Each structure stands twice: as C-alpha cells, then as structure tokens.
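# Descriptive analysis of the structure
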Amino acid sequence: MALSIGIVGLPNVGKSTLFNALTKAQNAQAANYPFCTIEPNKATVAVPDTRVDALSAKVSPQKTIYASVDFIDIAGLVRGASKGEGLGNQFLANIRECAAIVEVVRCFEDENITHVDGAVAPLRDIETIETELLLADLQSVEKRLEKLQKMAKGSKDAKAAAELMQNLLDHLNAGKPASAFALPEQETFLASWRELGLITAKPIIYCANVDESAVADGNPLMEEVRSLAKERNAGFACICAKLEEELQGLPEEEQAELLASYGIEQSGLVRIIRTGYATLGLCSYFTAGPDEVRAWTIRQGWKAPQAAGVIHTDFERGFIRAEVISYDAYMSLESEAACRAAGVLRVEGKDYVVQDGDVMHFLFNV
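Just so it is clear, the structure is predicted and the values come from calculations on it, not from any experiment.

What follows concerns the overall build of the protein. The helix and strand tally for the protein stands at 14 helices and twelve strands. Residue burial in the protein is summarised as follows: out of 366 residues, 50% are buried. Of the roughly 17,600 Å² of accessible surface on the protein, 49% is carried by carbon and sulfur atoms.

What follows is the structure in structure tokens.
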C-alpha cells in the first residue's frame, strides 16, 4: 500500500516550491520504486530508510525497492474554492482519494512575495483552508442526504441512514470537522460515509514553511502552527521549501553538508514522510533475498495474512504461515541460515501481529 498525501495551501505560501522539490526527488529516485507513473500533479517519492540500505548492503540483491509516498498537488485554494472559485472542486475532488492532508502555511516575511490576504498570518490561513474543505464536505453530505431521503420511502435502513446523515450535516454546519463525528454502526450510513471520502475526516499534518534563517530553530509564526497542531493532536512538520528545492539534485554527501550548514540533520521531505507514517499509524516490514530487498508499508496492528496481502492477494487468501526474523537479529548474524541455526527465525501463524522492521517470508497455497 502506498501512502497518499494531498498538499493544500493558499497561493504564494511555498506549496508549489515544495512540490517542485518533490518532483525533482521523484525523477532522481525513479529506479527505487516500481510502476511509477509521472503525472503533472503527482510525485511518487521513495521513503528513506537506513534499514533498507543496510539489508541491501548485506544481501547484495539484484534490486532494492523502498516504500513510496504519493504526493498529490492541489491548486492553491482561495476563498470560494468549494463553490468553484479559482480551480475549485476539480482539485478538491483529488483530495478525497488521499489518506492524509498536508496544509502548507507561510511562516516567513518577504516583501517581494505578496500574500493573497495582504499579510502573513498562518492561523488565519489555516482557518481559510479548513473552511473551504468543510464547505466542500457540506455540499457532498447535502447531496447524499437528498439521495437517502428518496430511498427512505421504501427502506427502513435508508430511513435510519438518512437520519444519521442529517446528524452529520448538523455537525458540519456547526463548524466541526467530520473527524470529530462519532460514527454509528448502521451499515447503510457507513457505506455512504466510505463513498463520500469526506475531506475533513482525514488526518492533518500542519506544515510550517519558514525561510532559511528559521530552518533550525523556527520562529514565532512557526510556533503558532506547532501549538495548534499539538492542541488538535495533529501532525506537524517545519520545512524551508526553498532549501528543499536546492537540496534536490545534489549528491548525498553534498546534501548532508548543506543541511549541516543550516544546523539540521534531516531534510523537510524526510520529516513530512515520517510524520505522515506516524499520523496514519503505518510501519514497514521487509523481504530480503538475492532477487530483491524491499520495504512493504502496512498499518500498525496488522496480522501476518493482511501483511502478506500487500505483496499479492493470493498470499493472504492462501496464507499458511510466516517465517519471521527481527531486523536487529537479522543484522547481528552472518546470514539467514545463521539466523535459522541460532533459533532467532520464528514460525508464526495467522494471529501474529507484524512488528515494524520484521524480515519475513510467507508460505501460502491457493
């Protein structure tokens, strides 16, 4: 499963600069993930993982494949986007397919870059963005309510779902995001909920875009955004989009030197990706062999058959057992055969909960 993140923000906040950096990273890393389709508003970026590097160095496979993240660029939002202003619903619709949303807000002053609202105020920008997303959800729920009300004339389930949908509409009209709505167990309603893909139900990562002078220690505007993220139990990342664009295309050693010159160790892109994993409750397991070393993304808490299913549905359907070695054990011994001889290779069944960093082989029969 690929992690899909939508990037939203007002015009002139650095969102396009950030996406340009992502696109350059995509082009530089095109060999690190399979079946990459490069689209104008999509960048697929390999997830940096030192464990994959170490496994690859040990196994010397023919291919090394990292996990990947799809970033979807949404055109700069303006007030009225939910009603079709600017590029409007065409791009709001793209967000519905994403697992999470990065809200990029400007946290730097620059008299040469005008702000759409005349002054830099990140909390106001966040309110504008989230109002438009909420209004878009309201429109979707109103349409679905009308449909359910028509169906309710001949169906008790549809009538119950319509009543619950009205409750959701009232909730949104009160200015509350869909993520704060207590989901009932009524199946007809839940089916509609899943189909709607409500934008305000998605996890949020607040991304403060600062200038070079604040990239290491931040600034008061960035702290406002960090505090809001903490208050809302949301993800947070601080980046300098301009620096991110400069980093792309440089050799790894020069990237490290440039980052060190600013007093930081990781690029903002890495921080966004890792924040995305944490926000969505994701982790990785690995397969390692002479053909390839590969990272597979799963949700924390998934059991072995579900984890096998991300390789191929047949693996889940015909799951028999899994052979598991922890990453630390795998790296501490000379080879997989040595792991087996030392008794650190475990055989696990259908109820095994896969741990982050497990090195796995699956046995199946269909």
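Having seen the model, we can carry on.
Next up on the list: unusual backbone geometry. In this structure, Ser60 is a non-glycine residue whose phi angle is positive, near 55°. The topology assignment puts Ser60 in the loop between α2 (50-59) and β3 (63-65). The phi torsion at Asn233 lies on the positive side, around 55°, for a residue other than glycine. Looking at Asn233, the relative accessible area reads 74%, which means it is exposed.

The next point concerns the side chain of Asp137. Looking at the secondary structure, you find Asp137 in helix α4 (residues 122-151). Look at Asp137 and you get buried, because its relative accessible area is 0%. Reaching out from Asp137, the side chain makes a polar contact with the backbone nitrogen of Ile199 at a distance of 2.9 Å. Those residues within four positions of Asp137 in sequence are excluded, and the remaining contacts are Arg96, Leu172, Leu198, Ile199, Thr200 and Ala201.

Counted according to the given criterion, the structure contains seven aromatic pairs. Through successive ring pairs, a cluster of aromatic residues spans Phe181, Phe189 and Trp193. We note Arg106 situated over the ring of Phe108; from NZ or CZ to the ring centre the distance is 4.7 Å.

Before going further, it helps to examine the nonpolar core. Side chains of a nonpolar character, in soluble globular proteins, are inclined to be buried together. Counting 75 residues, the largest nonpolar core has Leu22 and Phe71 as its most contacted members. Apart from the residues lying within four places of it in its own chain, the contact partners of Phe71 are Ile5, Ile7, Phe19, Leu22, Asn41, Lys42, Ala43, Val45, Ile272 and Ile273. Leu145, Ala161, Leu190 and Trp193 belong to the second largest nonpolar core, which has 19 residues in total.

Pairing is mixed in the open sheet, where six strands are placed in the order β2-β4-β1-β5-β6-β7. Either end of the sheet is taken by a strand with one partner, and the two such strands are β2 (42-46) and β7 (235-239). Within this sheet the neighbouring strands show an average axis-to-axis angle of 25°, counted without direction. Judged from the five bridges that link them, strand β1 (residues 3-8) and strand β4 (residues 68-73) form a sheet pairing that is parallel. Bridge assignment links Gly6 to a residue of β4, and that residue is Ile72. Running over the sheet, helix α7 (residues 220-231) touches β5 (100-106), β6 (204-209) and β7 and is turned about 165° from β7.

Cut-offs applied
Residues numbered from 1 in each chain as written. Predicted model: local features only at pLDDT ≥ 70, side-chain atom pairs only at ≥ 80, totals over all residues. Heavy atoms only, no water. Helix = DSSP H or I, 4+ residues; strand = E, 2+ residues; numbered from the N terminus. Buried < 20%, exposed > 50% of the residue type's maximum accessible area, 1.4 Å probe, protein only. Areas by Shrake-Rupley, 256 points an atom, 1.4 Å probe, with all protein chains shown as cover. Polar contact = N/O pair within 3.5 Å; in protein donor to acceptor, adjacent residues only side chain to side chain. Contact = heavy atoms within 4.5 Å. Phe/Tyr/Trp six-rings, centres within 6.5 Å; stacked < 30°, edge-to-face > 60°. Lys NZ or Arg CZ within 6 Å of the ring centre and 35° of its normal. Core = buried A, V, L, I, M, F, W, Y, C linked by side-chain atoms within 4.5 Å. Pairing = 2+ DSSP bridges. Axes fitted to C-alpha atoms, helices over the stretch in contact; angles between N-to-C directions.

Everything listed is a geometric property; what it means functionally is a separate question.
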